[in-house]
Structure formats: C-alpha cells, structure tokens
Amino acid sequence: MKPTRPTNPGAAGEPSADVRETGPPGGGAERPGAAGPGGAAGSAEHYLEVADLSVAYRTAGGEIPAVRGVSFGLEPGSKLGVAGESGCGKSTVALALLRLLPASARISGRVLLEGEDVLAMRWGRLRAVRWAGASIVFQGAMHSLNPVHRIGDQIAEPLLLHDRAGPAQARARVAELLEQVGLPAWRARSYPHELSGGQRQRAMIAMALACRPRLIIADEPTTALDVMIQAQILRLIDELVTDLGISMLMISHDLTVLADTCDRLAVMYAGRIVEEGPADDVFAAARHPYGAALSAAFPRVGDPSSRRAPRGLPGDPPDPAALPSGCAFRPRCPEVQERCAEVDPVLWPAGPRRSAACVRVLSPEQARAAGVPPAPAEEAGTGPAAEGEPRADRDPQAAARPQPQPEEM
Ligand SMILES: Nc1ncnc2c1ncn2[C@@H]1O[C@H](COP(=O)(O)OP(=O)(O)O)[C@@H](O)[C@H]1O
Ligand code: SF4
Ligand SMILES: [Mg+2]
C-alpha cells in the first residue's frame, strides 16, 4: 500500500472546524496552532475537545478496533450530531468520553473537558464530572432506571451526593426538574413501571440535568420510542439545551433527527469520522459517498427527488477486526476508483468548515501534496473538472441521486 499521511494523526489545524482536519493536504500537525499530542492542551473555544481517540475491545477472538483516531471539538452551547450505521463506533465514542467503557476496552488519545484530561482523572474527580461536567442520556430508559426505586429518589440521588443538597432542597429541585421535562411534580412518587416509555425518557433527561451539567451526551435518546413521542422528546431536549446554554453531542442513526436538532454533523464509518460540517450542508450535499448514501436513505419533505432516492446501501459495514485495505468504504462505494485500494483517506478540507475522508474531494495539487495517487482521468491527461462544474467526483451525492426518467425530462 502506498504510504500516505498517518491516519488521523492527532488533532491538528485551526479550531475553525469542529472536527479537526486530521490530514490536511500539505498541512498536518505541523501547521501553526496545531493542538496535536504534545501541542496546546485544548482550545479556549472548545468545552469538549477529543483528539485522536481510539478504542479497541479485547475479546477471545482478538482485538476489535471499534474507534480509530476520532478527533472533534465542541464549543460551549453548540450541538454536534454523530450519525452512522449500527456498529460504526458511535456508542463507544460516547462511553469513552466519560470513561464508562468496560474493562476489556483499551483506550488511547485525549478527551479534554474544559482543558482537563478525562482519561487521566482520578476516580473521585471523574464521578463529579460525570454529573456536573457532562451527563449521558441513553437509549433505553427502562434499563437505566432502577425498577425498585421511585423516580424522585433516583433524580435526587446525585443532588444529595454531589451537590450536597439537604432533603428538602433536593425535593424542591426534583419538582423543578420534573416540571422542566414536562412531568407533574407528583410523578416523583412513581416507580419506573408506572410511567410510559416517553415519560421514562423524560425522567432520564431530568436526572441528566440534575447537577446542571454543561454537556449532555444523548445516545439514540428516542430510538426505542414511537414516532410521535420521539418528536416530543427531541423537541424537549432541543429546547432545554438551547434555553440552558448546554452543549450537546447527539448520536443517532437517523440523519433527519440530527439535521433538525444539531448545528454540525459528523458521519462515522468503521470507527472513523468520514465527513463533518454544518448539519444542513452535510445533509443536503454530502461530500463523502457514504454520507451521501446515508442522507439519501432519509426522504426530505418537499424534495420530489428524495421520493425516488435509493434506500439503503448494498452490503454490510465491514467487520472492524478485518477491515479492507485502503479506504474502509471501498467494497460498498458506488464511486470507487483504483487508487482507493492504495490510500487510507483521512479528513481533508472539503468546503467552508467542512471535511471529508475521500480522495475525490482532493484537487490534483492537494492529492500530490498529500501523497495520494492522481485520479484516473488526471493520469490520462483529461484533467479534472473546473471548480464549481457539476461532476460526480465533486458532488458524490450526485451518484446516489436518481437520474430523471425520460418522461420527466
Ligand atoms: N463490550 C464490547 N466488547 C466487544 N466488542 C464490542 C463491545 N461493545 C461494542 N463492541 C463492538 O464495537 C463496534 C462498535 O460498537 P458500538 O460503539 O456499539 O457501535 P454503534 O453505537 O455505532 O452501533 C462493533 O463492532 C461492536 O460489535
Ligand atoms: S476514497 Fe474511494 S472508496 Fe473511499 S469513499 Fe472515496 S471514492 Fe469511495
Ligand atoms: Mg450505539
């Protein structure tokens, strides 16, 4: 395989994009302002900063590299959505942020919360950070709530333990929190089985908000709920994080949910972020063929072409323990080129505040600077299309979009 820049070599580049451009052509960790390993400890703009995060699970069958060199930053009050098919490593990233991974996980990289390294924290500090610094809302509220304790007692527990609130103070705060999430105060006396799925998820959100965290990590918070309740809960989360000025990392396999809720969007594939940018831009015109296929799988209201868009991608995501050589998306990519077997793409600039890990976003000069072989057309001397000219390799989503039928032309 042709050696290219090392894969996601730590966070590098200016903090203009939230996901660090981990392999800028001709740039890299040497660029001024780089905050890679050994660089500045976190960015003043970022409440959360993740640099070159990798997680491998040790199993009887060998190591499973679930997350491979993920880097991103989250500004105070901003909302980042993380999308991708099941098994691409989304939950592993969420759990790693607060060191909630099982003992079988081997983790490397840096997770800075307000400049403090979560991966190096002592246990007591970590416990405090898990409530007041950042808290997680998981998918299945029934599994996260203790079935034999009343809702109010469960919400009060962190207040008594971490905020050192007295019983009366905690009761008042529980009533306030329940009201914030749209539940009457008397529900504090209910047991989890006495609530509906949506009410339980509201109680989970109240618990997550109890110690006034500055970051909420929501991992598929509505996946187990029916569609109407999903919309209510998403609206609730969105309103709360906006009103309270909390940062949010929302994980979902549903791109429409993330595009509606988040400022920025990161698309994961096989343990890596393969595309990142403003949520609306990524959803409307992804630069990575996987991002394009994912957004084509979700119909858009009012867009007639999306009614004929292909649903889903052929094939399955790769086994993380046996990734294909070169680009991990290669076996499923509708736009694969010969050179894709030779390079392991990293996030390259792909428009204003956007990046994508696909050789097709590189101009011939950028490809040369990054050590990527030229595209076949360039090799044949036909040259690339001019910037702005509609061409599939400048708009990978074009290939995912259905072509107009003759009678519609
Ligand atoms: N505790 C574990 N032990 C071994 N492998 C795991 C464990 N948890 C997750 N994995 C594997 O890690 C990969 C990423 O999983 P996960 O982070 O749950 O993905 P997602 O949330 O995107 O569905 C998958 O291949 C999954 O099978
Ligand atoms: S690098 Fe090649 S295989 Fe990978 S997404 Fe881009 S075109 Fe497809
Ligand atoms: Mg998951």
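Residues numbered from 1 in each chain as written. Chains lettered and ligands numbered in written order. Predicted model: local features only at pLDDT ≥ 70, side-chain atom pairs only at ≥ 80, totals over all residues.

Engineer: Explain the site of ligand 1 to me, please; I cannot follow it from the model alone.
Structural biologist: The local shell around ligand 1 holds 15 residues, among which Tyr57, Ala66, Lys90, Ser91 and Thr92 are the closest. Listed by contribution, the elements that provide at least two residues to the shell around ligand 1 are strand 1 (48-59), strand 2 (62-74) and helix 1 (90-97). Of the residues forming the shell around ligand 1, the biggest block, three residues, is contributed by helix 1. A breakdown of the residues in the shell around ligand 1 according to their chemical character gives six nonpolar, eight polar and one charged. (Near = placed C-beta within 6 Å. Helix = DSSP H or I, 4+ residues; strand = E, 2+ residues; numbered from the N terminus. Nonpolar A, V, L, I, M, F, W, Y, C, P; charged D, E, K, R; others polar.)

Engineer: I tried to follow the sheet that holds strand 5 (residues 116-117) on my own but got confused; where do I start?
Structural biologist: Strands pair in a sheet through their backbones, by hydrogen bonds, and they do so in one of two ways: parallel or antiparallel. Within the open sheet, the four strands sit side by side as 2-1-4-5. Their pairing is antiparallel. Only two strands of the sheet have a single neighbouring strand rather than two, namely strand 2 and strand 5. Two elements, strand 4 (residues 105-113) and strand 5, share two bridges in a ladder whose sense is antiparallel. Within the sheet, the bridge partner assigned to Leu112 lies in strand 5 and is Asp117. Against the sheet, helix 1 contacts strand 1, strand 2 and strand 4, and its axis sits at roughly 70° relative to strand 2. (Pairing = 2+ DSSP bridges. Contact = placed C-beta atoms within 7 Å. Axes fitted to C-alpha atoms, helices over the stretch in contact; angles between N-to-C directions.)

Engineer: I would appreciate a short explanation of the nonpolar core in the present structure.
Structural biologist: What tends to happen in soluble globular proteins is that the nonpolar side chains get buried as a cluster. In terms of nonpolar packing, the biggest core is built from 107 residues, with Ala206, Leu265 and Val267 touching the most fellow members. Ranked by the residues each element gives to this core, the list is headed by helix 6 (residues 197-209), at seven residues. Once residues within four sequence positions are removed from consideration, Leu265 is found in contact with Gly81, Ala83, Leu258, Ala259, Glu276, Gly277, Ala279, Val282 and Phe283. (Core = buried A, V, L, I, M, F, W, Y, C linked by C-beta atoms within 7 Å. Buried ≥ 20, exposed ≤ 12 C-beta atoms within 10 Å, placed from the backbone.)

Engineer: How should the pairing of strand 4 be read in this particular structure?
Structural biologist: Each regular strand shows side chains that alternate between the opposite faces of the sheet. In this sheet, strand 4 lies alongside strand 1 in antiparallel orientation, the contact comprising eight bridges. Looking across to strand 4, one finds that Glu49 is bridged to Leu112. Where strand 4 folds back onto strand 5 in an antiparallel hairpin, the turn is made up of two residues, including Glu114, whose phi is positive at roughly 50°.

Engineer: It is not clear to me how the environment of Pro314 should be interpreted in this structure. Could you clarify?
Structural biologist: Relative to the helices and strands, Pro314 resides in the loop between helix 11 (304-307) and strand 11 (348-349). Taking the C-beta count within 10 Å as the criterion, Pro314 has 9 such neighbours and is therefore assigned exposed. Taking the C-alpha atoms as reference points, Pro314 and Pro334, 20 residues apart in sequence, are found 9.5 Å from one another.

Engineer: Just checking my understanding: could you explain the pairing of strand 10 (residues 272-278) for this structure?
Structural biologist: Counting buried residues along strand 10, six of its seven residues qualify, which places the element largely inside the surrounding structure. With antiparallel pairing between neighbouring strands as the criterion, strand 9 (residues 264-269) and strand 10 make up a hairpin whose turn holds two residues, including Ala270 at a positive phi of roughly 50°. Examined bridge by bridge, strand 10 and strand 12 (residues 355-356) share two bridges and lie antiparallel to one another. When the bridges of strand 12 are listed, Glu275 appears paired with Ala356.

Engineer: How should the packing of helix 4 (residues 151-161) against helix 5 (residues 167-180) be read in this particular structure?
Structural biologist: Angle between the axes and distance between the axes: these two values describe a pair of packed helices. Relative orientation of the contacting elements helix 4 and helix 5 amounts to 120°, with a least axis distance of 9 Å. Put simply, helix 4 runs oblique to helix 5. Note that helix 4 runs across helix 5; the crossing there is right-handed. On helix 5, the residues touching Gly152, Ile155, Ala156, Leu159 and Leu160 of helix 4 are Ala170, Arg173, Val174 and Leu177. Here the residues of the contact of helix 4 with helix 5 sort into seven nonpolar, one polar and one charged. (Parallel < 35°, antiparallel > 145°, perpendicular 65-115°, else oblique. Left-handed = near helix turned anticlockwise from the far one by under 90°.)

Engineer: Is there a simple way to explain the sheet that holds strand 9 in this structure?
Structural biologist: One open sheet holds the eight strands; their spatial order is 6-7-8-3-9-10-12-11, and the pairing between them is mixed. In this open sheet, the two edge strands, each paired with only one partner strand, are strand 6 (134-137) and strand 11. When strand 3 (residues 79-83) meets strand 8 (residues 247-251), the two strands line up parallel, connected through four bridges. Within the sheet, the bridge partner assigned to Leu80 lies in strand 8 and is Leu249. Across the face of the sheet, helix 10 (residues 289-296) comes into contact with strand 3, strand 9 and strand 10 while running at roughly 110° to strand 9.

Engineer: Please explain the site of ligand 2 as it appears in this structure.
Structural biologist: Of all residues adjacent to ligand 2, which total 14 residues, the nearest are Cys327, Arg330, Cys333, Cys340 and Cys358. For the shell around ligand 2, the class distribution of residues is nine nonpolar, two polar and three charged.

Engineer: In this structure, what is going on with helix 4? I would like to understand it.
Structural biologist: A turn of α-helix holds 3.6 residues, and therefore any two residues three or four places apart point the same way. Along helix 4, the residues that are buried comprise Ile151, Gly152, Gln154, Ile155, Ala156, Pro158 and Leu159. In the core, the buried residues of helix 4 are packed alongside helix 2 (123-133), helix 5 and helix 6.

Engineer: Explanation requested: the packing of helix 6 against helix 7 (residues 227-244) in the structure shown.
Structural biologist: Here helix 6 crosses helix 7 at 15°, and the two axes come no closer than 10 Å. With respect to helix 7, the axis of helix 6 lies roughly parallel. Relative to helix 7, the crossing made by helix 6 is right-handed. Where helix 6 abuts helix 7, its residues Gly197, Gly198, Gln201, Arg202, Ile205 and Leu209 lie against Ile229, Gln232, Ile233, Leu236, Ile237 and Leu240. Partitioned by chemical class, the residues of the contact of helix 6 with helix 7 number seven nonpolar, four polar and one charged.

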